[in-house]
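Below, each chain spelled out in residue letters.
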Amino acid sequence: MPLKKQLQIEKSWEKYLRSELQKDYMQSLLRFLSAEEEQGKVIFPPEKLWFNAINTTPFGSVKVVILGQDPYPTPGHAHGLCFSVMPDVQPLPKSLINIYKELSADLGVVNENGNLQSWAEQGVLMLNSVLTVESGKANSHEGKGWEQFTDKIISVLNDQQQPLVFVLWGAYAQKKGAVIDGTRHLVLRSAHPSPLAAYRGFWGSKPFSKINEFLKKNGKAEVNWQV
């Protein structure tokens, strides 16, 4: 089966991922997604935004990786960056509200807009483990193949000599990030920002100042977290 027409990958990622797209598991995933669409199911985000994370943040620009689980299943929310929503979405998702509360407590930055595209444009790879979801059904595309693809992304980033920051919020992200070499990269682990888990160690974890301190120490531009 040929690749779907809109699945274009930013040039710097191609040498790492183009062959991945030809593998059996990915072809099986694409057949599954095509069949879902043919049955009239609505998939988020739109196809042209499935690879928004890697297309916005070129390989050589990645400084920070934030790992999420899967896209928001709510219409008009998901646009291919973990935890981020389309501009003008209100109210914000509860996990994002908590991320913003911690950001305010950590650095005094107050955000009301939930669109994190500007973070991605500064080198923050906002990567979900699973890149699509059926409307209204959280985790509905779990185990279909996306996890293998995003594991490859994590692997090629981990192999780089350039030190990166990996942000692993919650048990799911921490399990997925188990391969990351913490002797070369900064790995920030805490509870998930979800209201169900934030009290277990997300509050007061100060990830944003820790990221910027590490970037500054390694001669990289700090992230402007204001959106």
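Given the structure is predicted, the values throughout are model-derived calculations rather than measurements.

Whenever I open this one, the overall build of the protein chain confuses me. Can you help?
On a plain count of helices and strands, the protein chain comes out with eight helices and six strands. Along the chain direction, N to C, the helices and strands of the protein chain fall in the order α-α-β-α-β-α-α-β-β-α-β-α-β-α. The C-alpha radius of gyration computed for the protein chain amounts to 17 Å, which stays within 12% of the reference 17 Å derived for 227 residues, consistent with globular compactness. When its C-alpha atoms are laid out on the principal axes, the protein chain stretches across 50 × 40 × 25 Å. Put simply, of all contacts in the protein chain between residues at least 6 apart along the chain, 67% involve residues at least 24 apart. A total accessible area of about 10500 Å² is found for the protein chain, and carbon and sulfur atoms account for 50% of it. Taking the average place of the 25 positive charges on the side chains of the protein chain and the average place of its 22 negative ones, the gap between the two points comes to 3 Å.

Looking at this model, I keep getting lost on the packing of helix 4 (residues 94-107) against helix 8 (residues 207-217). Mind explaining?
For any two helices packed against each other, the geometry comes down to the angle between their axes and how far apart the axes lie. Contact pair helix 4 / helix 8: the axes reach a minimum separation of 7 Å and the direction vectors enclose 60°. By the angle between their directions, the pair helix 4 and helix 8 is classed as oblique. Here helix 4 contributes Ile99, Glu102, Leu103, Asp106 and Leu107 to the contact with helix 8, which in turn contributes Pro207, Phe208, Ser209 and Asn212. Partitioned by chemical class, the residues of the contact of helix 4 with helix 8 number five nonpolar, two polar and two charged.

Honestly, helix 2 (residues 24-38) in this entry has me stumped. Any pointers?
Because an α-helix completes one turn every 3.6 residues, residues spaced three or four positions apart along the sequence face the same direction. A rise of 1.5 Å per residue sets the reference length of helix 2, with its 15 residues, at 21 Å; its end C-alpha atoms lie 21 Å apart and thus fit the reference within 8%. Within helix 2 the residues assigned to the buried category are Tyr25, Met26, Gln27, Leu29, Leu30, Leu33, Ser34 and Glu36. Buried residues in helix 2 make contact with helix 1 (11-21), strand 1 (43-44), strand 4 (133-134) and helix 6 (146-158).

In this structure, what is going on with the side chain of Asn111? I would like to understand it.
With respect to the helices and strands, the residue Asn111 is situated in the loop between helix 4 and helix 5 (117-121). Take Asn111: its relative accessible area is 8%, and that puts it in the buried class. Of the polar contacts made by the side chain of Asn111, one reaches the backbone oxygen of Trp225; its length is 2.9 Å. At 3.0 Å, the side chain of Asn111 forms a polar contact with the backbone nitrogen of Val227. If we skip the residues at most four places from it in the chain, Asn111 touches Tyr100, Leu103, Trp119, Trp225, Gln226 and Val227.

How should unusual backbone geometry be read in this particular structure?
The omega torsion across Phe44 and Pro45 is -10°, close enough to zero to call that bond cis. Tracing the chain through its elements places Pro45 in the loop between strand 1 and helix 3 (52-56). In this structure, Pro91 follows Gln90 across a cis peptide bond, with omega equal to -5°. By the secondary structure assignment, Pro91 is in the loop between strand 2 (64-68) and helix 4. Even without being glycine, Asp88 reaches a positive phi, approximately 75°.

What should I look at first to understand helix 4 in this one?
When the terminal C-alpha atoms of helix 4 are compared, their 20 Å separation across 14 residues agrees well with the 20 Å that a helix rising 1.5 Å per residue should span. Turning to helix 4, its buried residues are Ser95, Leu96, Asn98, Ile99, Tyr100, Glu102, Leu103 and Asp106. Elements that come into contact with the buried residues of helix 4 comprise helix 5, strand 5 (165-169) and helix 8. Downstream of helix 4 by a residue or two, Gly108 has a phi angle that is positive, lying close to 75°.

Cut-off values and rules
Residues numbered from 1 in each chain as written. Predicted model: local features only at pLDDT ≥ 70, side-chain atom pairs only at ≥ 80, totals over all residues. Heavy atoms only, no water. Helix = DSSP H or I, 4+ residues; strand = E, 2+ residues; numbered from the N terminus. Rg over C-alpha atoms; globule rule 2.2 N^0.38 Å. Contact = heavy atoms within 4.5 Å. Areas by Shrake-Rupley, 256 points an atom, 1.4 Å probe, with all protein chains shown as cover. Lys, Arg positive; Asp, Glu negative; His and termini not counted. Charge placed at Lys NZ, Arg CZ, Asp CG, Glu CD. Axes fitted to C-alpha atoms, helices over the stretch in contact; angles between N-to-C directions. Parallel < 35°, antiparallel > 145°, perpendicular 65-115°, else oblique. Nonpolar A, V, L, I, M, F, W, Y, C, P; charged D, E, K, R; others polar. Expected span 1.5 Å × (residues − 1). Buried < 20%, exposed > 50% of the residue type's maximum accessible area, 1.4 Å probe, protein only. Polar contact = N/O pair within 3.5 Å; in protein donor to acceptor, adjacent residues only side chain to side chain.

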